[in-house]
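Structural description and commentary
Here is what each chain is made of, one letter per residue.
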Amino acid sequence: MLRLLTLLFCVGLVVAGSVLWFTRAEPVAPERFTALSGDVVHGEQVFYAGGCASCHQAEGQTDDPTRLPGGQRFVTQFGTFVAPNISPDPIFGIGEWSLTDFASAVLNGTSPEGRHYFPAFPYTTYTRMTDQDVADLWAFMQTLPSADVESQPHDVGFPFNIRASLGPWKKLFLNTDWVQPATTPEAERGRYLVEALGHCSECHTPRNLLGGLQTANWMSGAPNPSGKGRIPGVTPAHLDWSPEDIAYYLETGFTPDFDSAGGEMANVIENMSKLPPEDRAAIAAYVKALN
Amino acid sequence: MTKFILASVSLAALVLGTTVWAGGHGGNPAVKARQAHMQLYSFNLGALGAMAKGDVEYDAEAAMAAASNIAALAAFNQAAYWLPGTSNAELGKETRALPKIWEAGSTAGQINEELATASAQLAAVAGDGKAEMAAGLGGVGKACGDCHKAYRAPAN
């Protein structure tokens, strides 16, 4: 009997060890980025299309949208996440990082210390970003002002605070597959802007019990993670705006009946208004083609 | 017959009067006044936006009229209808105005000044051409968004 228990215990250890090993936080292969050099000017476009500042600027910050001290709190059913400082400050920000560190964070949700990031950081979207865009974004972010503000810890309770559990979670929900089909160059651009950069689905798509996006109900609206109200669906079944209406909304914040965007969406508009008109039109085309 | 007409007219007057009374007395008057104010922004912005989007042909005179209305609205003294005690914390679903508007450190007044400046600029350029008007409209939109971002509760 004792032998059997010992055997079971050993098998259990091996299984647990294997799971931990196979779901460990992995960086990107360094050689993938060595040949790439970033373009600051294009990186700025990636920065606004990716909406980095919406979360990483301070609470209520209205001055310079490129100052990224972090500190905004995101209340969810899993706990409260606090956006970290991602300014180029060498002590409090990410100034000491390499391009590979940055790519590992953005594409794989892996920190330079080899830990899993919580997916409040939308790497499940950014994982579809092209390597060149990652390099360009990194080049731009290194030009931003430093902020000497310490990042605050997340307030996440057991069991969600066990970061190792994010390994299996990533196996389930982190992949580079596109959700929607795209048949024209404009549709592809729109899809890239929405599914790889804009992370629209992180709020507009409902989640399952594990916090993964329900791709079958893509962009059909979802409860607000803060618990108050709903984030509207944007598929044609929920939204009958014309493509021009959608593009104009993304540019100015004005709805077709000339209300104006508020809440988190006002941040999105600030970013989207800085994109070229063709990009906003491509997003509108993507939204109209949703089903 | 005269009696019948008199009775009908009286009844109609009574019904109409009751409706007006209900409309006039239901809800907080300060909230209704500011929502009406917002409605006037919306109506005038709509005239400009339709031209900016290309739904309607650009008309310098109409653009100037709408833009100066917006500038006039932004310059309005609204103190009497942004009363303390009229946020969604006190009045519930009747308003989406957040209590933060009246709390220490509120920037709502400052954003309204930004709106006044932006709408005065819009009024100055609205007659100069579609592109100038559309650009001026962008500045107004930013002020709208700044205030709604921080001080208005989500719609549902």
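Keep in mind the model is a prediction, meaning the values are calculated, not measured. (Residues numbered from 1 in each chain as written. Chains lettered and ligands numbered in written order. Predicted model: local features only at pLDDT ≥ 70, side-chain atom pairs only at ≥ 80, totals over all residues. Heavy atoms only, no water.)

Residues and elements named next belong to chain B. On average, chain B scores 87 in pLDDT, and the residues at 70 or more come to 83%. Within chain B, helix α3 (residues 60-75) carries the highest mean pLDDT (97), whereas helix α1 (residues 2-25) carries the lowest (51). Taken together, the stretch residues 14-24 has pLDDT below 50 and engages in two contacts with residues farther than four places along the chain or on a different chain. Interface confidence for the predicted complex, given as ipTM, is 0.76, next to a pTM of 0.86. (pLDDT = per-residue confidence, 0-100. Helix = DSSP H or I, 4+ residues; strand = E, 2+ residues; numbered from the N terminus. Contact = heavy atoms within 4.5 Å.)

Quick look at the side chain of T255(A) now. Residue and element names in this part refer to chain A. Counting through the fold element by element, T255 comes out in the loop between α11 (243-252) and α12 (263-272). According to the relative accessible area criterion, T255 is buried, its value standing at 12%. Side-chain polar atoms of T255 contact the side chain of D257, separated by 2.6 Å. Ignoring any residue separated from it by four or fewer positions in sequence, one finds T255 in contact with W241 and Y249. (Buried < 20%, exposed > 50% of the residue type's maximum accessible area, 1.4 Å probe, protein only. Polar contact = N/O pair within 3.5 Å; in protein donor to acceptor, adjacent residues only side chain to side chain.)

Let us now look at the pattern of salt bridges. Two side chains with opposite charge may pair up if their charged atoms get near one another. Enumeration according to the criterion identifies eight salt bridges over all chains in this entry. Of the charged contacts in the structure, one is a salt bridge between D279(A) and R189(A), with a shortest N-O distance of 2.9 Å. Of this pair, D279(A) sits in helix α13 (residues 277-288) while R189(A) sits in helix α9 (residues 185-198), placing them 90 residues apart in sequence. R152(B) is the partner of D259(A) in a salt bridge, and the nearest nitrogen-oxygen pair spans 3.0 Å. Of this pair, D259(A) sits in the loop between α11 and α12 while R152(B) sits in the segment after α6 (130-151), which puts the two residues in different chains. Take D259(A): its relative accessible area is 31%, and that puts it in the partly exposed class. By relative accessible area, R152(B) is classed as buried at 16%. (Salt bridge = Lys/Arg side-chain N within 4 Å of Asp/Glu carboxyl O.)

All right, on to the interface of chain B and chain A then. Listed per partner, the contact involves 17 residues of chain B and 18 residues of chain A. A combined buried area of about 1500 Å² lies between chain B and chain A, and 53% of that area is made up of carbon and sulfur atoms. For the pair chain B and chain A, the number of links is three salt bridges. Here K53(B) ties to D245(A) by a salt bridge, and the two come within 2.7 Å at their closest N and O atoms. Here chain B and chain A share nine residue pairs in polar contact (both at pLDDT 80 or more) between them. Those elements giving two or more residues to the side of chain B that touches chain A turn out to be α2 (29-53) and α6 of chain B. For the side of chain B that touches chain A, the class distribution of residues is five nonpolar, seven polar and five charged. (Buried area = accessible area lost by both parts, 1.4 Å probe. Nonpolar A, V, L, I, M, F, W, Y, C, P; charged D, E, K, R; others polar.)

Here we come to the packing of aromatic side chains. All chains considered together, the criterion is met by 14 aromatic pairs over all chains. With centroids separated by 5.4 Å and ring planes inclined at 35°, the aromatic side chains of F254(A) and F258(A) adopt a geometry described as tilted. For F254(A), a relative accessible area of 1% corresponds to the buried category. An aromatic cluster is built from Y117(A), F121(A), Y123(A) and Y126(A), whose rings are joined through pairwise contacts. Residue placement shows K100(B) over the ring face of Y151(B); its charged tip is 5.6 Å from the ring centre. (Phe/Tyr/Trp six-rings, centres within 6.5 Å; stacked < 30°, edge-to-face > 60°. Lys NZ or Arg CZ within 6 Å of the ring centre and 35° of its normal.)

Residues and elements named next belong to chain A. With domains assigned, chain A is organised as domain 1 (27-176) and domain 2 (178-291). With centres defined by C-alpha atoms, the gap from domain 1 to domain 2 works out at 21 Å. Contact residues are listed per partner, giving 25 residues for domain 1 and 26 residues for domain 2. Taken over both partners, the interface formed by domain 1 and domain 2 buries close to 2100 Å², and the fraction arising from carbon and sulfur atoms is 54%. Run the count over domain 1 and domain 2 and you get 10 residue pairs in polar contact (both at pLDDT 80 or more). Among the elements of the structure, α3 (40-50), β1 (73-76), α6 (123-126) and α8 (166-173) are those that each provide at least two residues to the side of domain 1 that touches domain 2. If you tally residues by element for the side of domain 1 that touches domain 2, the top one is α3, at five residues. Across the side of domain 1 that touches domain 2, the residue classes break down as 12 nonpolar, 11 polar and two charged. (Domains from an automatic or database assignment.)

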